[in-house]
Amino acid sequence: MTGSLGPHLPGLLVLVAHVQRAGAIVTPHIRYLAIIPEIVMLGGAVLLLVAASLVRRPLRISVATGATLAISAASVGVSLWQWFDVMGHGPFTAVDHAVVVDGFSVLVNVLVSCAMFITTLVADGYARREGLDGAELHVLAMVSATGAMIMGSANDLIVIFLGLEILSIALYVLAAFNHRRAASGEAALKYFLLGSFSSAVFVYGIALVYGATGSSNLGQIAEFLSKHVLVSNGLLLAGMTLLIVGFAFKVAAVPFHMWTPDVYQGSPSPVTGFMAAVAKAGAFAAFLRVFVSSLGLVRADWQPIIYGLAVVTLLLGAGLAVVQRDVKRMLAYSSINHAGFVLLGLQAATARGVSAALYYLFAYTFMVIGSFAVVTVIGRKGDAAHDIASYRGLARRQPLLALAFVVLLLAQAGAPFTTGLWAKLQVVLAAVDHSVPLALIAMVSAAIAAFFYLRVAVLMYTPAPTADTVPGSQPPAESAVALFGSSTRRGGALDRTRTMAETQPEPVDDVRAPQVAPSRPVWTGTQRQAAALGPLNASLLLDDDPVTLALFGGTVAGAGRTLEGGALALESGVPVDGAGERMLVGDGTGGGDAAGGMPIVVRAVGAAGTVRVPVLTAVAIGICVGITVVLGCWPGPLISFAHHATLLFVP
């Protein structure tokens, strides 16, 4: 046998060699320093998970928190090292041009790493309060952050999709992390179903763009469009449209925002803040790079779509936030409105627009994580006390916490001396260069949005209602009162039949003078004006609201329920938790959810009740407030950072 093959053996060896060369897998050269922030974040998550699996009991929350803080700080450090390297040697691509390292990607890495650091501080107190031991929460958050960082550095549509899935799958699990709450599982299910659908749409868009241009690499797509004129561009337009749908879902742009209110409301509060910051940062980073960098030559085809998305996102987000009474849902619609502002920078499709969008994302990250840190604290054990009535009188109970929340809310409204003002100013100026009507719509939506921010701020500085409050006047005592006629109780119901004029004291020698203490009018006007303004004030300040009266005392008759002495009693009575705190369960009659009257579940916290603020959560709130105010008064460094990131943006 061997002898018969002898003459043919050299030829067979040559054939085998050719087959091996033809079937060999060519691996690209990997420059690991180009992806060192992602390696640190993901590698740290893997090491923490391995360490947790090697111990017999669940890893202590203090160990998981300390390790995650160290990993996040290391990621910030290597990202800043990359920044100086790029500044000195210029941007470059790596991993067969699938990853780009430039100022844009470095800024996203710094932003996501900072968000991970602050979220870890907030999550520590939440996990201790809810009794959630182990490192799973931190590991999942770091994996999700890695996905956002990959999206910011990706130079290929396929890599963007991989980053998107890494980001999203971890968030699906995080949304359902508090297994003791049914709302958390419901939020995760909604997020998963709609997220899976959007991912399928996004992949289909990638396939169509590949079919139209012959490549999924962003640089090669831009080069193809610069050298070729498509006779029929229907395939490319369809692909771009599906990509926009996929990105719009992740950034919660209308009409692809349906998941946002329910998911924000049901998810654990620290996860909601992380989701609002990191998911938007990663998705908008990829959105900007794909459409401004790669598809910029065909911007005339996609700019009208972004224009329409920005308009409806701005108006619907601000309009629906006004009617919410659950603070987490209000902040959810607020995040939709903020997404509309970032879309202004994308729609401009200029270096100024990209710089403004990056600045807005950076400023918004600290504002929203700080806001949800306060919401986490006020939510108390069970993370359910998020009705707006729970915030009334907070300034008297805990002035520093209320002041921090007011600063963060006003920053989101665009108040002076905060980063919110500069963020809105930057994107509006970028929009003015190309579309003045769009800029005007943005300013109108900002004015609408200011209402619900200011309403929460005013409620926190409004004293709790008392049984002897006399609306329409301000007594010599310290407690403030409402503005309309007297509030007497007849048969357990509020009676507001007396007018403002009747409450004013008359001369003491007049036999008709009412026997009430002298009072100072807080507002003067006609009886018709008082009649219109009184109910409005009572509605805005929730004076006769069932949940407010249940929280702070009072008696109101209702259909099938009564509110007495700080408790809401249904037919079956009032449930009491293990700590002795009364749980108030309403049927949505007093406001509820604007969309469908979801049940109101709040926790009774008397007018003098306070909430415990963990040390690390207080540090997180302080960092967010400090950055918001300091960089608002001194905006130069952050504006320069965003500007240089745009200059180094590789087209």
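Residues numbered from 1 in each chain as written. Predicted model: local features only at pLDDT ≥ 70, side-chain atom pairs only at ≥ 80, totals over all residues. Heavy atoms only, no water.

Enquirer: What is the right way to look at the overall build of the chain in this model?
Expert: Each helix and strand counted, the chain has 24 helices and 9 strands in total. By residue count, 55% of the 651 residues in the chain fall in the buried class. Long-range pairs, those at least 24 residues apart, make up 76% of the contacts in the chain with a sequence separation of at least 6. In the form shown here, the chain has an accessible surface area of approximately 26,800 Å², with 68% of it arising from carbon and sulfur atoms. (Helix = DSSP H or I, 4+ residues; strand = E, 2+ residues; numbered from the N terminus. Buried < 20%, exposed > 50% of the residue type's maximum accessible area, 1.4 Å probe, protein only. Contact = heavy atoms within 4.5 Å. Areas by Shrake-Rupley, 256 points an atom, 1.4 Å probe, with all protein chains shown as cover.)

Enquirer: Sorry, what's going on with the nonpolar core here?
Expert: The nonpolar side chains of a soluble globular protein tend to be buried, and buried together. Membership of the largest hydrophobic core comes to 182 residues, with the highest contact counts inside it found for I160, F291, W302 and L344. Other than its neighbours up to four places away in sequence, L344 contacts A310, L314, V427, V428, A431, L438 and A442. (Core = buried A, V, L, I, M, F, W, Y, C linked by side-chain atoms within 4.5 Å.)

Enquirer: So what exactly am I meant to see when it comes to empty space enclosed by the protein here?
Expert: Picture a little ball the size of a water molecule; that probe, rolled over the atoms, points out where space is still empty. Tallied over the full model, the rule gives 4 cavities of 30 Å³ or more. One number sums up the size of the largest cavity: a volume of about 80 Å³. Forming the walls of the largest cavity are M116, T119, T120, A123, L137, H138, A141, L174, P270, V271 and F274. Secondary-structure elements contributing two or more residues to the lining of the largest cavity are α5 (103–130), α6 (136–153) and α12 (269–294). (1 Å grid on protein atoms, 1.4 Å probe; cavity = no way out; pocket = protein on both sides within 12 Å on 5 of 7 lines; lining within 4 Å. Points joined across faces, edges and corners; volume = space filled by probe spheres on them.)

Enquirer: I'm lost on α6 in this one. Help?
Expert: Since there are 3.6 residues in each turn of an α-helix, residues three or four apart along the chain are aligned in direction. Compared with an ideal rise of 1.5 Å per residue, which puts 18 residues at 26 Å, α6 spans 26 Å between its outermost C-alpha atoms and is within 8% of the ideal. With 15 of 18 residues buried, α6 lies mostly within the body of the structure. (Expected span 1.5 Å × (residues − 1).)

Enquirer: Whenever I open this one, the packing of aromatic side chains confuses me. Can you help?
Expert: A ring pair, where both rings are aromatic, is described by two values, the distance of the centres and the angle of the planes. Evaluation of the coordinates by the stated rule reveals 19 aromatic pairs. Ring centres 5.5 Å apart and planes at 40° place the aromatic pair F362 and F366 in the tilted group. In this pair, F362 and F366 both sit in helix α15 (residues 351–378), 4 residues apart, roughly one turn of the helix. You'll find F362 and F366 in the same group, each marked buried. Ring-pair connections join several aromatic residues into one group, and the members of that group are F161, F202, F247, F284, F287, F291 and W302. Across from the ring centre of F92, 4.1 Å away, lies the NZ or CZ of R31, which sits over that ring. Of note, K424 hangs over the ring of F341, and the distance from its end group to the ring centre comes to 4.7 Å. (Phe/Tyr/Trp six-rings, centres within 6.5 Å; stacked < 30°, edge-to-face > 60°. Lys NZ or Arg CZ within 6 Å of the ring centre and 35° of its normal.)

Enquirer: Sorry if this is basic, but what is going on with a nonpolar patch on the surface here?
Expert: Judged by side-chain polarity, L42, V46, V50 and L54 come together as a nonpolar surface patch covering roughly 360 Å² of accessible area. With respect to the element layout, L54 can be found in helix α3 (residues 36–54). A residue is classified by how much of its surface remains accessible, and L54, at 69% relative accessible area, is exposed. (Patch = residues over 30% accessible without salt bridge, like charges linked within 9 Å, V, L, I, M, F, W, Y side chains within 5 Å. Salt bridge = Lys/Arg side-chain N within 4 Å of Asp/Glu carboxyl O.)

Enquirer: Would you explain the pattern of salt bridges in this entry?
Expert: Two side chains bearing opposite charge may form a pair once their charged atoms approach each other closely. Applying the stated criterion to the full structure yields 10 salt bridges. The shortest N-O distance in the salt bridge between D262 and K190 comes to 2.8 Å. Residue D262 is located in helix α11 (residues 259–266), and its partner K190 is located in helix α8 (residues 182–213); the two are separated by 72 residues in the primary sequence. Linked by salt bridges that have partners in common, E186, K190, D262 and R329 make up one network.

Enquirer: Explain the environment of L33 here, please?
Expert: Checked against the element boundaries, L33 lands in the loop between α2 (9–23) and α3. When the C-alpha positions of L33 and V78 are compared, they lie 9.2 Å apart, and in sequence the two are 45 residues distant.

Enquirer: How should the environment of V312 be read in this particular structure?
Expert: In this structure, V312 sits in helix α13 (residues 299–322). Taking relative accessible area as the criterion, V312 reaches 37% and is therefore assigned partly exposed. Separated by 25 residues in sequence, V312 and N337 have C-alpha atoms that sit 9.3 Å apart. In contact with V312, other than residues within four places in its own chain, are V254 and G317.

Enquirer: Teacher, can you tell me more about unusual backbone geometry here?
Expert: Apart from glycine, the bulk of residues carry a negative phi angle, and the bulk of peptide bonds sit in the trans form. The residue after V254, namely P255, is reached through a cis peptide bond having omega 5°. Of note, P255 is situated in the loop between α10 (234–251) and α11. Positive phi values are uncommon outside glycine, yet H97 reaches one of about 65°. With respect to the element layout, H97 can be found in the loop between β1 (92–94) and β2 (99–101).

Enquirer: Would you mind showing me how to read the confidence of the model for the chain here?
Expert: One rule of thumb: low pLDDT means the predicted coordinates there are not for detailed reading. Mean pLDDT over the chain works out to 79, with 73% of the residues at or above the 70 mark. A low-confidence stretch, residues 1–5 stays under pLDDT 50, and its non-local contacts, those more than four residues away or across chains, total 0 contacts. Contacts for the low-pLDDT stretch residues 467–524, under 50 throughout, to residues beyond four places or in other chains number 87 contacts. (pLDDT = per-residue confidence, 0-100.)

Enquirer: Which parts of the structure should I look at to understand the packing of α12 against α15?
Expert: Two elements in contact, α12 and α15, have axes whose closest approach is 7 Å; the angle formed by their N-to-C orientations is 170°. The orientation of α12 relative to α15 falls into the category roughly antiparallel. Touching S269, P270, T272, G273, A276, A277, K280, A281, F284, L288 and V292 of α12 are V354, A357, L361, Y364, T365, V368, I369, F372, V375 and T376, all from α15. Class assignment for the residues of the contact of α12 with α15 results in 15 nonpolar, 5 polar and 1 charged. (Axes fitted to C-alpha atoms, helices over the stretch in contact; angles between N-to-C directions. Parallel < 35°, antiparallel > 145°, perpendicular 65-115°, else oblique. Nonpolar A, V, L, I, M, F, W, Y, C, P; charged D, E, K, R; others polar.)

Enquirer: Even after reading the chapter, I still don't get the packing of α15 against helix α18 (residues 419–432), so can you show me in this structure?
Expert: Running from N to C, α15 and α18 cross one another at 155°; their axes reach a closest spacing of 9 Å. The orientation of α15 with respect to α18, classified from their angle, is roughly antiparallel. As for the relative orientation of α15 and α18, their crossing is left-handed in sense. Taken together, the residues of α18 that come into contact with α15 (itself represented by R352, G353, A356, A357, Y359, Y360, A363 and M367) are T419, G420, W422, A423, K424, Q426, V427, L429 and A430. (Left-handed = near helix turned anticlockwise from the far one by under 90°.)

Enquirer: Any chance you could explain the environment of Q303 here in plain terms?
Expert: Position of Q303 among the secondary structure elements: in helix α13. A relative accessible area of 16% means that Q303 is categorised as buried. Non-local contacts of Q303, meaning those with residues more than four positions away in its chain, are made with Q347, A348 and A349.

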